[in-house]
Amino acid sequence: MALSDKELSAADLRATQRNWVQYSKQHSKNLPPGSITDFEWKDYCPKAFRLIQELDNIDNDDYMMSVCSDETIRKASSTLRPGNLFLLSNDSRFAIKTLRKSQLKVLIEMLPIYYNHLRKFRNTVLNKLYGLHVVKPVGGVKVYFVVVANIFKSDLLMHRCFDLKGSLQGRKVKKMRVREKTLHKESDLDFLFYLEPLVRHRLLAQIKHDCAFLEAVGIMNYSLLLGFHIKESPQGFLDGGSAFCPDSPRRGSVDSRCSCNDMRISNDMLHQSDLSSQRSSISSNRDSIDSRNCTTELTFRDHWLQNNSCTSKFGEEMSARGVRISWNGTGSVSTRQISRRRECHDVLLYFGIVDFFQDYGVIKRIEHAYKSLQFDPKMIAAVNPKVYSSRFQAFISDIFKADDSLH
C-alpha cells in the first residue's frame, strides 16, 4: 500500500518534530552580516504533511532545502504582525505565510479532513498546504507559518492579479504587493473570463465541493487568488493604463458581433497568428475534407483542449478568453458591462482558493453583529460559513462565464 493511501490517525496529528539548527563557525563566516546562525525549528504534523507532499510528488528533503534557508528564517522572524507576512521560497515553488496561533490551531484541527478531501478530489481548487512550522531564533520570538503551493509559479508575466472574496464592503482599501505585483480587489475587477461550457461546468462543480468542505469545518474569510497572462502582449501594458485600439487588427480587439447584452463571443475572435502553424499541419488533408467546399478551422474549443489536457489541473495555466468590462463602482459583477473599447484577449489563468484558516469564532461573530448595524449584513466579510460559501460561489460564477459559441 502506498504511503499516500494511509489514513491520518490521532497520533499523526499530535506528532511534532523539534530541531535545533546551528551553523558551524566556518559556515558562519560566509554568511552576510546580521544572519541568524542559531534557531529552533519545529515541524507540526510532519507525517501528515509528507503524505500531502507525496500526492504532488514533492521530495521532503528538497522541500526543506527550499524552505529552510537563512533568508526565509530572517524575514519570517522579523515580522511584528503575525498573519501579515507573505514570502516566496528560494526557488519560487512555495509560498510562505505567517500565521496567528489561533489560525495554526484551526489548521491542525481540520488537517485530517483536508487530507481526505485532497485524496478524493485530485482536481481541487484549494491551495495545497505542504508544511506547518514554528521558528524561534536565539533571543527572538516564535513565528508560526504555513508553506503552500505558489499559485503564480510561472515564467510568464502576470499582467493582473486579484484577491477576491466576493464582498465589496471594506475591500477598497490598501492593496497588497507580492514581488512588485499589486493584488487588486473586487472593486478593481475589470475582466470576465469565458471558458468552454463543459470546462466551466466542471470547474464550478469542483468549487462547490471545495466550499462544502470549508463550510463543514466552519471556515470563512477565504478568497480566490487569481492572476492572468495575456498572450502576445507587451509587458506592463495593463498596469500602464494603455489598451489596444479597438480598430487595430492586432490581438485584443473584439469584432462587432460581440454582443453587449448577453456577452457572447464569436469564434472569429480567434487570432490567426496563434493558429497558423496548427492549420498548416492539417492543410495536406484539406482536399478530402473540402469535398463539400467547407473550410477546416481549429475552433477555440480545439485550441483549449490542446492547452488543457486531462492531466492538467484547474487553475494551472488554463486557457480562456478575457473580456474587459466597465463598472461604475456599485452593484455586482453581473451588472457590469463590456468596455466600449470592446477588448478581448486570449489569456492563461492561474488561480486557487487561499487563506482558509479563519473560523467563525467569537471575534468574527462580534464583528458581524457590529458591522451589520452599519452595512448590509449580506455584503460584509464577517458572515457565517454557509452564507460566505453561497456568496463566494455566486461571485465566482459571475467571473467565469460560459462561451456558448463553443458548443
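Quantities reported herein were computed from a predicted structural model and do not represent experimental measurements.

Visitor: Lay out the packing of helix α3 (residues 46-55) against helix α6 (residues 101-120) with the relevant residues and their values.
Guide: Following both chains from N to C, one finds α3 and α6 inclined at 30°, their axes separated by 11 Å at the closest point. Of the possible angle classes, the one that applies to α3 and α6 is roughly parallel. For the crossing formed where α3 meets α6, the hand is left-handed. The residues of α6 that touch α3, namely those facing A48, F49, L51, I52 and L55, are L107, L111, Y114, Y115, L118 and R119. Here the residues of the contact of α3 with α6 are counted per class, giving 10 nonpolar, no polar and 1 charged.

Visitor: Explain the packing of aromatic side chains to me, and be specific about the residues and the numbers.
Guide: Evaluation of the coordinates by the stated rule reveals 13 aromatic pairs. With centroids separated by 5.1 Å and ring planes inclined at 75°, the aromatic side chains of Y222 and F392 adopt a geometry described as edge-to-face. Of the two residues, Y222 sits in the loop between β11 (219-220) and β12 (223-230) while F392 sits in helix α12 (residues 385-399), which places them 170 residues apart along the sequence. Residue F392 is classed as buried on the basis of its relative accessible area, which comes to 0%. Site record: aromatic cluster; members linked through ring pairs are F191, F193, F228, F351 and F400.

Visitor: Go over the pattern of salt bridges with me, naming the residues and quoting the values.
Guide: Under the definition given, this model contains 9 salt bridges. The residue K128 makes a salt bridge to D56 at a minimum N-O spacing of 3.0 Å. Residue K128 is located in the loop between α6 and β5 (129-137), and its partner D56 is located in the loop between α3 and α4 (60-67); the two are separated by 72 residues in the primary sequence. Each of the two residues, K128 as well as D56, counts as buried. Notably, a salt bridge pairs E367 with K364, separated by 3.2 Å at the nearest N-O pair. With E367 and K364 both in helix α11 (residues 362-372) and 3 residues apart, this pair spans about one turn of that helix. Using a relative accessible area of 14% as the deciding quantity, one classes K364 as buried. Where salt bridges share partners, they join R160, D190, R324 and E343 into one cluster.

Visitor: Report on the layout of surface pockets, specifying residues and quantitative values.
Guide: There is about 530 Å³ of room inside the second largest pocket. In this structure, the second largest pocket is lined by 24 residues; those nearest its centre are Y130, A149, N150, I151 and E316. Elements that contribute at least two residues to the lining of the second largest pocket include exactly β13 (316-326) and β15 (344-354). For the lining of the second largest pocket, the leading source of residues is β15, giving 3 residues.

Visitor: Would you mind going over α3 in detail, with residue names and values included?
Guide: Of all 10 residues in α3, 7 are buried, a share of seventy percent or more. Listing the buried residues of α3 in full gives P46, A48, F49, L51, I52, Q53 and L55. One or two residues past the end of α3 sits N57, with phi positive at roughly 55°.

Visitor: Break down the confidence of the model for the protein for me, citing the residues and quoting the values.
Guide: Low-confidence regions, as indicated by low pLDDT, have predicted coordinates that should not be scrutinised in detail. Looking at the protein, pLDDT values average 74 and 63% of them are 70 or higher. Summarising per-element confidence for the protein, the mean pLDDT is lowest in helix α8 (residues 272-281) (37) and highest in helix α7 (residues 197-216) (97). This model gives residues 23-31 a pLDDT under 50, and the stretch forms 8 contacts once residues within four places in sequence are excluded.

Criteria and cut-off values
- Residues numbered from 1 in each chain as written.
- Predicted model: local features only at pLDDT ≥ 70, side-chain atom pairs only at ≥ 80, totals over all residues.
- Heavy atoms only, no water.
- Axes fitted to C-alpha atoms, helices over the stretch in contact; angles between N-to-C directions.
- Helix = DSSP H or I, 4+ residues; strand = E, 2+ residues; numbered from the N terminus.
- Parallel < 35°, antiparallel > 145°, perpendicular 65-115°, else oblique.
- Left-handed = near helix turned anticlockwise from the far one by under 90°.
- Contact = heavy atoms within 4.5 Å.
- Nonpolar A, V, L, I, M, F, W, Y, C, P; charged D, E, K, R; others polar.
- Phe/Tyr/Trp six-rings, centres within 6.5 Å; stacked < 30°, edge-to-face > 60°.
- Buried < 20%, exposed > 50% of the residue type's maximum accessible area, 1.4 Å probe, protein only.
- Salt bridge = Lys/Arg side-chain N within 4 Å of Asp/Glu carboxyl O.
- 1 Å grid on protein atoms, 1.4 Å probe; cavity = no way out; pocket = protein on both sides within 12 Å on 5 of 7 lines; lining within 4 Å.
- Points joined across faces, edges and corners; volume = space filled by probe spheres on them.
- pLDDT = per-residue confidence, 0-100.

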